[in-house]
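Residue strings, one per chain:
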Amino acid sequence: MSHWNRCHGRCSILVCPYRAQHRGTRGMAVSWRSWLANEGVKHLCLVIWLSLNVLLFWKTFVLYNQGPEYYYIHRMLGLALCLSRASASVLNFNCGLILLPMCRTLLAYLRGSQKVPSRRTRRLLDKSRTFHITCGVTICIFSGVHVAAHLVNALNFSVNYSEDFIELNAARYQNEDPRKLLFTTVPGLTGVCMVLVLFLMVTASTYAIRVSNYDIFWYTHNLFFVFYMLLLLHVSGGLLKYQTNVQTHPPGCINSSRTQSQDIFLPEYLSENFHGPLPEGFSKPEERNQKTFVKICLEEPRFQAHFPQTWLWISGPLCLYCAERLYRCIRSNKPVTIISVISHPSDVMEIRMVKENFKARPGQYVILHCPSVSALENHPFTLTMCPTETKATFGVHLKVVGDWTERLRDLLLPPSNQDSEILPFIRSRSYPKLYIDGPFGSPFEESLNYEVSLCIAGGIGVTPFASILNTLLDGWKPYKLRRLYFIWVCRDIQSFQWFADLLCMLHNKLWQENRPDYVNIQLYLSQTDGIQTIIGEKYNTLNSRLFIGRPRWKLLFDEIAKCNRGKTVGVFCCGPSSISKTLHSLSNQSNSYGTKFEYNKESFS
Ligand SMILES: Cc1cc2nc3c(=O)[nH]c(=O)nc-3n(C[C@H](O)[C@H](O)[C@H](O)COP(=O)(O)OP(=O)(O)OC[C@H]3O[C@@H](n4cnc5c(N)ncnc54)[C@H](O)[C@@H]3O)c2cc1C
Ligand SMILES: NC(=O)c1ccc[n+]([C@@H]2O[C@H](COP(=O)([O-])OP(=O)(O)OC[C@H]3O[C@@H](n4cnc5c(N)ncnc54)[C@H](OP(=O)(O)O)[C@@H]3O)[C@@H](O)[C@H]2O)c1
């Protein structure tokens, strides 16, 4: 029976997708249970992070607004002082945090199931990229506030220049051009440079640039190091000073050399001398009795710059990040030995290699560096085969999509016979040097830790699942997984050949072990004029699982929910972002079978 007939006949998991392609998910109730499982912890962390930002901003604002040690500088600079310092606190906090989600080796280590025992906590690591972006956006917003406030400060330093507090002035004389403060002081100049660097980094991080020219994004993003160096210089300038002797010179006190007498009539003195908020311990003149004792200055006010707090915030994360980069450099400085390079249909190439002491878990990815292709570029690829205790070989499948993959293909594969030819391991064949950095963690690692997993791949997005399937081929018993739904959508029939052998082998093995229901394979050919099959008799098993058109996601989810009542199904998706969005939203929908779908988001672009 052809797949077409099967579709119209007995359709268990699938309702034939050929004509009615269900793409919308509107009008469905969101299950709070599913939502909480999928989004709850993430939102809780977001609330904690947000509260810390608000708290830091508010505490710093109040301190600079009311703190006696800032009385004189506040009188000189006004509200802009409080805004500049409060925004600086938020910036310090986020400049430290933003580096943590980029410590990929550390995250991969934490993800190892023994280190973080709770799956819910491990799933938080999937949000690392989102968190990095959130911190980045916060840095941009508060940099805007900080810059605007400091521009006003520069103006106020110049206008409110005071002969009485020479130490406190940043300007050298009254009405000094504030632009001079910007371009001739260390904090001013470094601030201007930081704004430029940040502008470059932000504009090059937009989706359009990342997709059209990833290298621009990558190189400008590495300017972060310049940014941090400038930041450390910026805060060491010490233009804003606090008063060190508030005990012997209570802020706004009466200068004893001027009054000599301790018994004076207060309202007149205060209205004469105080225009802004009164220092702590003083109340408004009209509220006072006629004769009050006021504090007398025992000495002149002294001022000093703070020890730069920024160091405390960023030194830890910066050292951690640098240590991780150094470790990665050392770990990746030995090239791999390429065992074989296999050409697959539809411009895909497989590289099989070995490297001493290289260990990886299924679902992880590595970063490839081939100096003969490009001295500076590094590209991530998911492992499709992981090394095991019995075999050291591991591999990646690369789709040729751009200049780097194209040049690598030209170097590794001879120009002729690039289609479907398996090149045997030839000792004399010399391959260019290839380095790998990694492995790094990904959400797909979790798929073996659910009792039921739904793995959905679009095109070359199949790679993380290939390593999962390869691992199951070696043995499924050690893992929690007891049922795997594997859905793979491709545009052309040849693409299925990338892993057709693997799928057939796994299917046969599970049948032999009397576990035919362990893996449920469904292949979708999204674009075709008619019925097609994967050529080769040995692939008949797969042909009977081949469907035409896109999957009908809602029906698929309903069927899986029905078959796994009351269970938690882990949903994993790798492929075009439109599939990912649809599945994410479907995972949050309610169903009448009490089945919970936990969506595991991939955290890289
Ligand atoms: C974690 C991860 C795992 C991946 N696994 C695989 C895999 O197993 N098989 C596979 O064929 N492809 C995989 N990719 C995609 C692969 O990295 C890109 O196709 C490759 O880098 C393209 O390089 P290029 O210069 O040939 O093409 P380009 O034309 O330069 O880029 C094509 C697209 O790839 C992305 N890209 C380019 N360079 C990078 C980079 N250094 N880092 C991240 N994205 C980049 C850009 O979004 C760009 O739009 C993976 C990507 C990521 C992020
Ligand atoms: N993270 C990783 O490990 C990793 C690895 C490799 C690739 N990737 C990513 O995976 C993506 C896949 O690359 P590709 O070029 O091979 O894919 P592709 O050919 O563009 O698309 C693959 C298939 O997905 C189908 N599809 C797209 N949107 C869909 C939707 N909403 N519902 C159902 N089916 C849908 C397409 O159907 P139509 O023909 O109908 O459009 C097509 O058959 C890329 O974006 C790549 O960056 C990620």
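Anyway, here's the lowdown on the structure attached to this text. (Residues numbered from 1 in each chain as written. Chains lettered and ligands numbered in written order. Predicted model: local features only at pLDDT ≥ 70, side-chain atom pairs only at ≥ 80, totals over all residues. Heavy atoms only, no water.)

1. Some words on the overall build of the protein chain
Of regular secondary structure, the protein chain possesses 21 helices and 18 strands. The buried share among the 605 residues of the protein chain stands at 49%. Within the protein chain, contacts between residues at least 6 apart in sequence are counted, and of these 76% link residues at least 24 apart. When the accessible surface of the protein chain is split by element, carbon and sulfur atoms take 59% of a total near 29900 Å². (Helix = DSSP H or I, 4+ residues; strand = E, 2+ residues; numbered from the N terminus. Buried < 20%, exposed > 50% of the residue type's maximum accessible area, 1.4 Å probe, protein only. Contact = heavy atoms within 4.5 Å. Areas by Shrake-Rupley, 256 points an atom, 1.4 Å probe, with all protein chains shown as cover.)

2. Overview of the pairing of strand β17 (residues 568–574)
Taken across its seven residues, β17 has six buried, putting it largely inside the fold. Relative to β17, strand β13 (residues 452–458) runs parallel, the two sharing six bridges. Looking at β17, one finds that Ser453 is bridged to Gly570. As for the winding sense of the linkage, the β-α-β connection from β17 through helix α21 (residues 577–587) to strand β18 (residues 596–600) is right-handed. (Pairing = 2+ DSSP bridges. Right-handed = clockwise from strand over helix to strand, strands pointing away.)

3. Quick look at the site of ligand 1
Around ligand 1, the surrounding shell holds 21 residues, and the nearest of these are Val211, His379, Pro380, Lys399 and Thr405. His379 places a side-chain nitrogen or oxygen 2.6 Å from an oxygen atom of ligand 1. In this structure, an oxygen atom belonging to ligand 1 sits 2.8 Å away from a main-chain N or O atom of Pro380. For ligand 1, whose accessible area on its own is 860 Å², the fraction buried by protein is 81%. Looking at the shell around ligand 1, the element that brings in the most residues is strand β10 (residues 379–385), giving four residues. (Near = heavy atom within 4 Å. Polar contact = N/O pair within 3.5 Å; in protein donor to acceptor, adjacent residues only side chain to side chain.)

4. Brief notes about unusual backbone geometry
In this model, Gly438 is joined to Pro439 through a cis peptide bond whose omega is 10°. Positive phi values are uncommon outside glycine, yet Asn357 reaches one of about 60°. Position of Asn357 among the secondary structure elements: in the loop between β8 (348–354) and β9 (365–369). Look at Asn514: it is not a glycine, yet its phi comes out positive at around 60°. Within the element layout of this structure, Asn514 appears in the loop between α18 (500–512) and β15 (519–525).

5. Things to note about the pattern of salt bridges
Taken as a whole and assessed by the stated rule, the structure comprises 21 salt bridges. For Arg361, the salt bridge goes to Glu445, with nearest N and O atoms at 2.7 Å. In this pair, Arg361 is assigned in the loop between β8 and β9 and Glu445 in the loop between β12 (435–440) and β13, connecting sequence segments 84 residues apart. The structure contains a network of salt bridges with shared partners spanning Glu324, Arg328, Arg331 and Asp437. (Salt bridge = Lys/Arg side-chain N within 4 Å of Asp/Glu carboxyl O.)

6. Considerations on the packing of aromatic side chains
Enumeration over the complete set of coordinates arrives at 28 aromatic pairs. A centroid spacing of 6.1 Å and a plane angle of 45° characterise the contact between Trp488 and Trp498, whose relative ring orientation is tilted. With Trp488 in strand β14 (residues 483–490) and Trp498 in the loop between β14 and α18, this pair connects stretches of sequence that are 10 residues apart. The buried category is assigned to Trp488, whose relative accessible area is 0%. Residue Trp498 is classed as buried on the basis of its relative accessible area, which comes to 5%. Members of the aromatic cluster, each reached through a chain of ring pairs, are Phe444, Phe465, Phe486, Trp488, Phe496, Trp498 and Phe499. The ring of Phe440 has Arg104 sitting right over it, with the charged end atom 5.9 Å from the ring centre. (Phe/Tyr/Trp six-rings, centres within 6.5 Å; stacked < 30°, edge-to-face > 60°. Lys NZ or Arg CZ within 6 Å of the ring centre and 35° of its normal.)

7. What about a nonpolar patch on the surface?
Where nonpolar side chains cluster on the molecular surface, the patch consists of Leu100, Leu106, Tyr109, Leu110 and Leu320 and spans about 400 Å² of accessible area. Ranked by residue count, the leading element in the nonpolar patch is helix α5 (residues 104–111), at three residues. Tracing the backbone shows Tyr109 in helix α5. A relative accessible area of 51% means that Tyr109 is categorised as exposed. (Patch = residues over 30% accessible without salt bridge, like charges linked within 9 Å, V, L, I, M, F, W, Y side chains within 5 Å.)

8. Some remarks on helix α11 (residues 214–221)
Turning to α11, its buried residues are Asp215, Phe217 and Thr220. Close packing links the buried residues of α11 with α9 (186–203), α10 (207–212) and α12 (224–236).

9. Here's the deal with the sheet that holds β10
The sheet built from six strands is open, its strands ordered β7-β8-β11-β10-β9-β12 with antiparallel pairing. Only two strands of the sheet have a single neighbouring strand rather than two, namely β7 (337–344) and β12. On average, adjacent strands in this sheet sit at an angle of 35° to one another, irrespective of strand direction. In the sheet, β8 pairs with strand β11 (residues 394–399) via six bridges, with the strands oriented antiparallel. Along β11, the bridge assignment pairs Arg352 with Gly395. (Axes fitted to C-alpha atoms, helices over the stretch in contact; angles between N-to-C directions.)

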